[in-house]
Amino acid sequence: MSSLRRAWRLLAACLATAAYAADKPEILTPYIAHMFPAGGQRGTKVEALVCGSQLAGTTEARILPAGVTASIAKVEDATKVRVNLAIAPDAAIGEYELRLLTKAGASNRFRFFVGDLPELTETEPNNTADTAQKVALPMLVNGQVMEKDQDWFRFTAKAGTTLVCDIAARAIIPYIADAVPGWFDAVLTLRDAGGHQVASVDDVRLWPDPRILLPITQDGEYTLQVTDILSRGRADFVYRLSLGALPRVTSIYPLGGPAGASTPIALFGANLAQRTAKVDVPANGSGLAWVTTEAGGTQSNAMPFAISDTPEGSDTEPNDSREAAQPVTLPITLNGRIDKPGDLDWFTFAATKGQKLALEVTARRLMSPLDSMLSLFDA
């Protein structure tokens, strides 16, 4: 077929497609861009404003898993729907998935979070230290950083505790297509009663949402500023800010254990009522388990715990040199720590000709700050 005939056929196909589309316009499914607030305390009822597109025909709201029920309060227009959410007193703490339904189908999922702290909504104007909104701790604040906006909060912290300022922003909306960069990049800045900056954080290790942990040596008043790192603002820059002497786990050891076993672990962090725990994994367990603890009636954040299907062991010091390499038998999953500057962990094992070996470190994926490197040597 000549190039000219091929071009004419392509043009005819395009014209036919355009004519069909004009005769039968595309039916677009509903889309949720953001909602506010993006969560609530268990045992309460929340009215949330859901914003997006193609929402005019919304007939139903659904949320999973069980523990929260959703219903339509009012369809305002094609971009806004008000949804009532009733959170059971025994609802599981964590992430839920909300969808809106129209005749065109179901929307994308949107994250809704259930917590155990009292909650309030930020109140404007709170754009300066002088107009900072007063908050009684512990508290979870639902807020939005709008255009040319910054949010300030004022509170008193008690001596002998560790103050936790923990924000969920990218955890709520991981990616915003038309934002550059494609997310709300939150920054927390904490100042003392004299206005002196005592902490400023924009991420935690690989986690993009910031957290401040500050030991308090004497009772005092503090102000906290919430901003975007590029001083941007828009309605979908939604956040949930937790404040108080809250339990926070910063790391666990070991980072995993075998299926079908009860693995003792050590907990590290702030305001923890216990420093040890056990992770019980069923025999058919796989993937990740999540470790939490509780202090003062408040649940901590969750840390990932890897489940393996191979025999497990731990690195045994001293194994800092090739000559002192720890002998192991394959296959094995080893739990170890680079626990001081210059530390090296060496292992030795037998391999046979024709084998294909996989040697892999899992660290940063499990919230460890380790940037690991593997070096393999022959006999």
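What counts, and where the lines are drawn
- Residues numbered from 1 in each chain as written.
- Predicted model: local features only at pLDDT ≥ 70, side-chain atom pairs only at ≥ 80, totals over all residues.
- Heavy atoms only, no water.
- Helix = DSSP H or I, 4+ residues; strand = E, 2+ residues; numbered from the N terminus.
- Buried < 20%, exposed > 50% of the residue type's maximum accessible area, 1.4 Å probe, protein only.
- Contact = heavy atoms within 4.5 Å.
- Areas by Shrake-Rupley, 256 points an atom, 1.4 Å probe, with all protein chains shown as cover.
- Core = buried A, V, L, I, M, F, W, Y, C linked by side-chain atoms within 4.5 Å.
- Pairing = 2+ DSSP bridges.
- Axes fitted to C-alpha atoms, helices over the stretch in contact; angles between N-to-C directions.
- Polar contact = N/O pair within 3.5 Å; in protein donor to acceptor, adjacent residues only side chain to side chain.
- Patch = residues over 30% accessible without salt bridge, like charges linked within 9 Å, V, L, I, M, F, W, Y side chains within 5 Å.
- Salt bridge = Lys/Arg side-chain N within 4 Å of Asp/Glu carboxyl O.
- Phe/Tyr/Trp six-rings, centres within 6.5 Å; stacked < 30°, edge-to-face > 60°.
- pLDDT = per-residue confidence, 0-100.

A. The overall build of the protein chain, seen in detail. Across its full length, the protein chain carries one helix and 31 strands. With the C-alpha coordinates aligned to their principal axes, the bounding extent of the protein chain is approximately 75 × 75 × 40 Å. A buried classification covers 39% of the 379 residues belonging to the protein chain. Within the protein chain, counting contacts between residues at least 6 apart in sequence, those at least 24 apart form 59% of the total. By element, 55% of the accessible surface of the protein chain is carried by carbon and sulfur atoms, the whole surface being about 21000 Å².

B. The arrangement of the nonpolar core in detail. Ranked by size, the top nonpolar core spans 56 residues in total, and within it Leu85, Cys165, Leu190, Ile212, Leu224, Tyr239 and Leu241 carry the most contacts. When residues no more than four places from it in sequence are discounted, the contact partners of Leu85 are Met35, Thr44, Lys45, Val46, Ala48, Ile63, Val68, Thr69, Ala70, Leu98 and Phe112. By size, the runner-up hydrophobic cluster in this structure holds 13 residues, among which are Val249, Val279, Ala289 and Met303.

C. Highlighting the sheet that holds strand E22 (residues 262-270). Spatially, E20-E22-E23 is the arrangement adopted by the three strands of the open sheet, whose pairing is antiparallel. Pairing within the sheet leaves two strands with one partner each, and these edge strands are strand E20 (248-253) and strand E23 (276-280). The mean angle between the axes of side-by-side strands here comes to 40°, regardless of whether they run parallel or antiparallel. Summarising the sheet, E22 and E23 pair through five bridges and their orientation is antiparallel. Within the sheet, the bridge partner assigned to Thr263 lies in E23 and is Val279.

D. Quick look at the environment of Val291. Along the polypeptide, Val291 turns up in strand E24 (residues 287-291). Sequence separation between Val291 and Pro304 is 13 residues; the distance between their C-alpha atoms is 6.3 Å. Residues contacting Val291, with those up to four places away along its chain left out, are Ile252, Ile265, Leu267, Val279, Asn301, Ala302, Met303 and Phe305.

E. The arrangement of the side chain of Gln326 in detail. On the secondary structure map, Gln326 appears in strand E29 (residues 326-327). Polar contacts involving the side chain of Gln326 include one to the main-chain carbonyl oxygen of Ser314, which spans 3.0 Å. In this structure the side chain of Gln326 is engaged in a polar contact, spanning 2.6 Å, whose partner is the backbone nitrogen of Thr316. When residues no more than four places from it in sequence are discounted, the contact partners of Gln326 are Ser314, Asp315, Thr316, Asn319, Trp346, Phe347 and Thr348.

F. Here's a closer look at a nonpolar patch on the surface. A contiguous nonpolar surface patch, about 670 Å² in accessible area, is contributed by Leu330, Ile338, Leu357, Leu359, Val361, Leu370, Leu374 and Leu376. When you line up the elements, Leu357 lands in the segment after strand E31 (347-348).

G. Representation of the packing of aromatic side chains in the model. Within this structure, the stated rule accounts for two aromatic pairs. Both rings, one in Phe184 and one in Phe237, keep their centres 4.8 Å apart while their planes meet at 10°; by these two values the pair is stacked. One end of the pair, Phe184, is in the loop between strand E14 (162-168) and strand E15 (186-191); the other, Phe237, is in the loop between strand E18 (220-228) and strand E19 (238-244), with 53 residues separating them in the sequence. With relative accessibility at 0%, the residue Phe237 sits in the buried group. Residues Trp346 and Phe377 carry aromatic rings whose centres are separated by 5.3 Å and whose planes lie at 25° to one another, so their mutual orientation is stacked. With Trp346 in the loop between strand E30 (333-335) and E31 and Phe377 in the segment after E31, this pair connects stretches of sequence that are 31 residues apart. Residue Trp346 is classed as partly exposed on the basis of its relative accessible area of 22%. Residue classification places Phe377 among the partly exposed residues on the basis of a relative accessible area of 48%.

H. Summary view of the confidence of the model for the protein chain. Model confidence for the protein chain is summarised by a mean pLDDT of 93, while 93% of its residues fall at 70 or above. Contacts from residues 11-25, a stretch scored under 50 in pLDDT, to residues over four places away or in other chains number zero contacts.

I. View of the sheet that holds strand E27 (residues 303-308). The strand order across the open sheet built from three strands is E21-E27-E24, with neighbouring strands paired in mixed fashion. Looking at strand neighbours, the two that pair on one side only are strand E21 (256-258) and E24, the edges of this open sheet. Mean inter-strand twist for the sheet, computed between neighbouring axes without regard to direction, equals 35°. Pairing of E21 with E27, which is carried by three bridges, proceeds in the parallel orientation. Paired with Pro258 across the strands is Ser308, a residue of E27.

J. Representation of the side chain of Ser368 within the structure. Among the secondary structure elements, Ser368 is positioned in the segment after E31. One polar contact links the side chain of Ser368 to the main-chain amide nitrogen of Leu370, over a distance of 3.1 Å. Those residues in contact with Ser368 that lie beyond four places of it in its chain are Leu255 and Ala363.

K. Seen up close, unusual backbone geometry. With omega at -5°, the peptide bond leading from Phe36 into Pro37 counts as cis. Relative to the elements of secondary structure, Pro37 occurs in the loop between strand E1 (31-36) and strand E2 (39-41). Note the cis peptide between Leu64 and Pro65, where omega equals 0°. With respect to the helices and strands, Pro65 occurs in the loop between strand E4 (60-64) and strand E5 (68-77). Positive phi is not limited to glycine here, since Asn271 has a value of about 60°. Within the fold, Asn271 resides in the loop between E22 and E23.

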